[in-house]
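Each chain, letter by letter, is given below.
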Amino acid sequence: ASDVATAAEAGADLVGLELGSPNSPRNLNTLEAQRLADQARALGLHPVLVTHSADLATIREWCRFVRPDYVHLHRPAPPEWVHSLAAIPVHVLFGLGPDDEVPAEGAGLVIDALADSQSGLPHDGGTSRPLVEAAGGRFTFIEGGLDAASAARALHRSGATGATGCGSLESTLGRLDPARLAAFVKAVQSA
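The notes below deal with the structure included here.

Criteria and thresholds
- Residues numbered from 1 in each chain as written.
- Predicted model: local features only at pLDDT ≥ 70, side-chain atom pairs only at ≥ 80, totals over all residues.
- Heavy atoms only, no water.
- Axes fitted to C-alpha atoms, helices over the stretch in contact; angles between N-to-C directions.
- Helix = DSSP H or I, 4+ residues; strand = E, 2+ residues; numbered from the N terminus.
- Parallel < 35°, antiparallel > 145°, perpendicular 65-115°, else oblique.
- Left-handed = near helix turned anticlockwise from the far one by under 90°.
- Contact = heavy atoms within 4.5 Å.
- Nonpolar A, V, L, I, M, F, W, Y, C, P; charged D, E, K, R; others polar.
- Pairing = 2+ DSSP bridges.
- Expected span 1.5 Å × (residues − 1).
- Buried < 20%, exposed > 50% of the residue type's maximum accessible area, 1.4 Å probe, protein only.
- Arc of directions from axis to C-beta.

### Observations regarding the packing of helix α1 (residues 2-10) against helix α7 (residues 178-190)
At a minimum axis separation of 9 Å, α1 and α7 run at an interaxial angle of 40 degrees. Here α1 lies oblique to α7, going by the angle between them. Every pair of crossing elements has a handedness; the one defined by α1 and α7 is right-handed. Facing α1, whose interface residues are T6, A7 and A10, α7 presents P178, L181, A182 and V185. Classifying every residue of the contact of α1 with α7 gives six nonpolar, one polar and no charged.

### A look at the sheet that holds strand β3 (residues 70-73)
Taken in spatial order, the seven strands of this open sheet run β1-β2-β3-β4-β5-β6-β7, and their pairing is parallel. Looking along the sheet, the strands with just one partner apiece sit at the ends: β1 (14-19) and β7 (162-163). Looking at chain direction, β3 and strand β4 (residues 91-96) are connected through four bridges and run parallel. Considered in β4, the bridge of Y70 is made with H91. Its contacts with the sheet place helix α2 (residues 30-42) against β1 and β2 (46-51), and it is angled at close to 175 degrees to β1. Relative to the sheet, helix α3 (residues 56-66) contacts β1, β2 and β3, its axis offset from that of β2 by approximately 160 degrees.

### Quick notes on α7
Taking 1.5 Å as the rise per residue, α7 with 13 residues should run 18 Å; its terminal C-alpha atoms sit 18 Å apart, in good agreement. Those residues of α7 that sit buried are L181, F184, V185, A187 and V188. Axial view of α7: buried residues confined to an arc of 165 degrees, hence all on one face. In α7, the exposed positions that point more than 90 degrees away from the buried face belong to A179, K186, Q189 and S190. In the core, the buried residues of α7 are packed alongside α1, α6 (148-158), β7 and β9 (175-176).

The following block contains the structure:
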């Protein structure tokens, strides 16, 4: 809850809520995710359900219960998935690496520096430009080791709509650092 409040205070637009990643220190249970999504909406943030799960039925149930604005899938999915989730309604963001094919469906892309999304490796943005251009005007976010010092350059090089931050914005594993997050949001918004 304090991280959601910190994101709102920093001026972020979206907040990620991780489900279905049991090895992650950021993984939430469904009730926690619902509570945090409600808090995020009340603070003017768009909640994003972030998952590594490949089970559409489970993802649909999470989306019905948590009611995120977006779901960030870390794997390709058939168009039927996107249509099924859109009926809830939730918009699908696909996590991609620089060599992945851009899906025709979905609201947008979250592009990592490497094919292994959520690598945490620094993202210079240049390798993402072809994917951003292929997205055809959909939302495009870059991720991977970004902080306030690197975000603006990576955004300019990629042409992406926005950027996500995670590990480089934490004071301890799984806990956001308010100063790092505020500097990151300012850098992204000024890019």
